[in-house]
Amino acid sequence: MGPYIINAQAPDEGNMHTLYHFATDYQREHFLQPLLDGTARSCFSMTEPDVAGSDPTLIQTSAVEEGDEWVINGHKWFTSGAEGADFAIVIARTDPDAEIPQARNSAFIVPTNTPGFEIIRDVETMGGRHNHPEIKYTNVRVPKTHLLGERGGGHKLGQVRLGPARLAHCMRWLGQIEMALEMLVDRAQKRFSHGSYLSEKQSIQWMMSDSAMELYASKLMVLHAAYKIEQGLEFKQEVSMAKHHVANTLWRVIDRAMQVHGALGYSTDTPLAGMMQQARWARLADGADEVHQMRIAELLMRAYNEDGSINQAVGGLPL
Ligand SMILES: Cc1cc2nc3c(=O)[nH]c(=O)nc-3n(C[C@H](O)[C@H](O)[C@H](O)COP(=O)(O)OP(=O)(O)OC[C@H]3O[C@@H](n4cnc5c(N)ncnc54)[C@H](O)[C@@H]3O)c2cc1C
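Residues take numbers from 1 onward in each chain, read along the sequence in its written order. Totals for whole chains, interfaces and linings use all residues, but because this is a predicted model, local features are given only for residues with pLDDT of at least 70 and pairs of side-chain atoms are given and counted only at 80 or more.

What to know about the overall build of the protein chain
Next, step 1: Helix and strand labels come from DSSP, where a helix needs a run of H or I of at least four residues and a strand needs a run of E of at least two; each type is numbered from the N terminus. Broken down by element type, the protein chain carries 9 helices and 10 strands.
Next, step 2: If you line up the protein chain on its principal axes, its C-alpha atoms span 80 × 50 × 35 Å.
Next, step 3: Any residue whose C-beta has 12 or fewer other C-beta atoms within 10 Å is treated as exposed, any with 20 or more as buried, and any in between as partly exposed, C-beta atoms being built from the backbone. Counting over 319 residues, the protein chain shows a buried share of 38%.

What follows is the structure, encoded as structure tokens:
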């Protein structure tokens, strides 16, 4: 509940940043301000069941100009938080013939009470139902004033949004990692087996120390990426690295904590089982591991080829 208490929950937090950067005065008043006040909720509707979400240039949902309106048709899913949201930021194809694929999509603000906006179902996940609906957009009409950012700027907007939003996920995951490690340390010092406490066995100490080092590195990566965002510096590489590293650390540390808890860890008597169900999506949503690795490698090669050094692609640190 922490993120809700400080109004930093996904996807509203990312949407607030997006609106802050791209909204017109009208959009700020009607859509950003209620989010800031905590009187409205929102969602972000990009991923589609029929094409790879990892490649937004494949998006099929279309938006066509008709008079003073845009008419949107399409099929989305995993639009987190859509049930109960006041509006969705929808990514749709406006310029299928644009020379570069990244200029094909635009973003729109769609109030969820617009005729044609239809939640088909809440997609059930391995962690149960958590408000990740599948949505049909059928002749959804919004006024031209609801275009968010520039026409053809949907890809850019997604990038601007996802940088800090990925980091905000990392910050929530850091809390989960810390909790899992504290549970591991606590349990290991209380459980006795084969003549000593688990905490006295080297194999368990290695789990502790590996987790501690990975958590420490995670925190530094998040802090550095956040620093780059705050300073207005290029942050893509640092956010990709942090997102990948923290998501995988989350998975590993919860897994180790579960191991040390034995059957208790697998039961639902502790929060670990629920944490693990949530942790699994961290490695595939908001950029799957492999896609981040692909981008990291691309920037690494570009830095080396352009500068003769990889330094700028590994944080640009004075070390
Ligand atoms: C809990 C949860 C919440 C979500 N919330 C939202 C939301 O609010 N709004 C929204 O729009 N979307 C949301 N998503 C969707 C999420 O962003 C997508 O799942 C993600 O972008 C991956 O797209 P996909 O599921 O279509 O997988 P695909 O793109 O089909 O990829 C499947 C797998 O293929 C592999 N892969 C893909 N591309 C490459 C590549 N280039 N190289 C190597 N391997 C590759 C990866 O292993 C990847 O996991 C959410 C997903 C989850 C699980």
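Regarding the site of the ligand
Next, step 1: Contact assignment follows one rule, namely that a residue is near a molecule or strand if its backbone-placed C-beta atom lies within 6 Å of it. By nearness alone, 20 residues border the ligand, and Met46, Ala52, Gly53, Ser54 and Ala288 come closest of all.
Next, step 2: For the shell around the ligand, the secondary-structure elements that each account for two or more residues are strand E1 (42-45) and helix H9 (289-307).
Next, step 3: Ranked by residues supplied to the shell around the ligand, first place goes to H9 with 3 residues.
Next, step 4: When residue character is reported, Ala, Val, Leu, Ile, Met, Phe, Trp, Tyr, Cys and Pro are called nonpolar, Asp, Glu, Lys and Arg charged, and the others, Gly included, polar. Of the residues that constitute the shell around the ligand, the class distribution is 11 nonpolar, 7 polar and 2 charged.
Next, step 5: The split into domains, and so the bounds of each, comes from an automatic or database assignment of domains. Mapping the shell around the ligand onto the domain boundaries places at least three of its residues in each of domain 1 (2-152) and domain 2 (156-314).

Concerning the domain arrangement of the protein chain
Next, step 1: Here the protein chain is described as being made up of domain 1 (2-152) and domain 2 (156-314).
Next, step 2: Contact between residues is assigned whenever the C-beta positions, reconstructed from backbone atoms, fall within 7 Å. Tallying the contact residues gives 18 residues for domain 1 and 14 residues for domain 2.
Next, step 3: If you tally residues by element for the side of domain 1 that touches domain 2, the top one is helix H2 (residues 12-22), at 6 residues.
Next, step 4: Considering only residue class, the side of domain 1 that touches domain 2 consists of 10 nonpolar, 7 polar and 1 charged.

Re the nonpolar core
It is characteristic of soluble globular proteins that their nonpolar side chains tend to be buried jointly.
Next, step 1: Note on definitions: a nonpolar core is a set of buried residues drawn from Ala, Val, Leu, Ile, Met, Phe, Trp, Tyr and Cys, linked by C-beta atoms within 7 Å. The biggest cluster of nonpolar side chains holds 35 residues, and the ones touching the most others in it are Ala180, Leu184, Ala242, Leu250, Ile254, Ala257 and Leu272.
Next, step 2: Looking at which element gives the most residues to this core, the answer is helix H4 (residues 154-188), with 12 residues.
Next, step 3: For Leu184, the residues in contact, after removing those within four places along its chain, are Met207, Met208, Ser211, Arg256, Ala257 and Val260.
Next, step 4: With 33 residues, the next largest nonpolar core counts Met16, Phe22, Phe31 and Leu147 among its residues.

A closer look at unusual backbone geometry
Next, step 1: Here Ala10 and Pro11 are connected by a cis peptide whose omega angle stands at 0 degrees.
Next, step 2: With respect to the helices, strands and loops of the structure, Pro11 is situated in the loop between helix H1 (2-5) and H2.
Next, step 3: Residues other than glycine seldom take positive phi values, yet Phe78 does so here, at roughly 55 degrees.
Next, step 4: Despite not being glycine, Asn131 shows a phi value in the positive range, around 65 degrees.
Next, step 5: On the neighbour-count criterion, Asn131 (16 C-beta atoms within 10 Å) is partly exposed.

Description of the packing of H2 against H4
Next, step 1: Fitting a line to C-alpha atoms yields each axis, with helices limited to the stretch in contact; the angle taken between N-to-C directions then spans 0 to 180 degrees. Two numbers describe how H2 lies on H4: the axes approach to 9 Å, and their chain directions differ by 140 degrees. What the angle tells us is that H2 and H4 run oblique. Two packed elements cross with a definite hand, and for H2 against H4 that hand is right-handed. Here H2 contributes Glu13, Gly14, His17, Thr18, His21 and Phe22 to the contact with H4, which in turn contributes Leu157, Val160, Arg161, Pro164, Ala165 and Ala168. When describing relative orientation, an angle under 35 degrees is termed roughly parallel and one over 145 degrees roughly antiparallel, while 65 to 115 degrees is termed roughly perpendicular and anything else oblique. Note on convention: near helix rotated counterclockwise from far helix by under a right angle means a left-handed crossing. Clockwise means right-handed.

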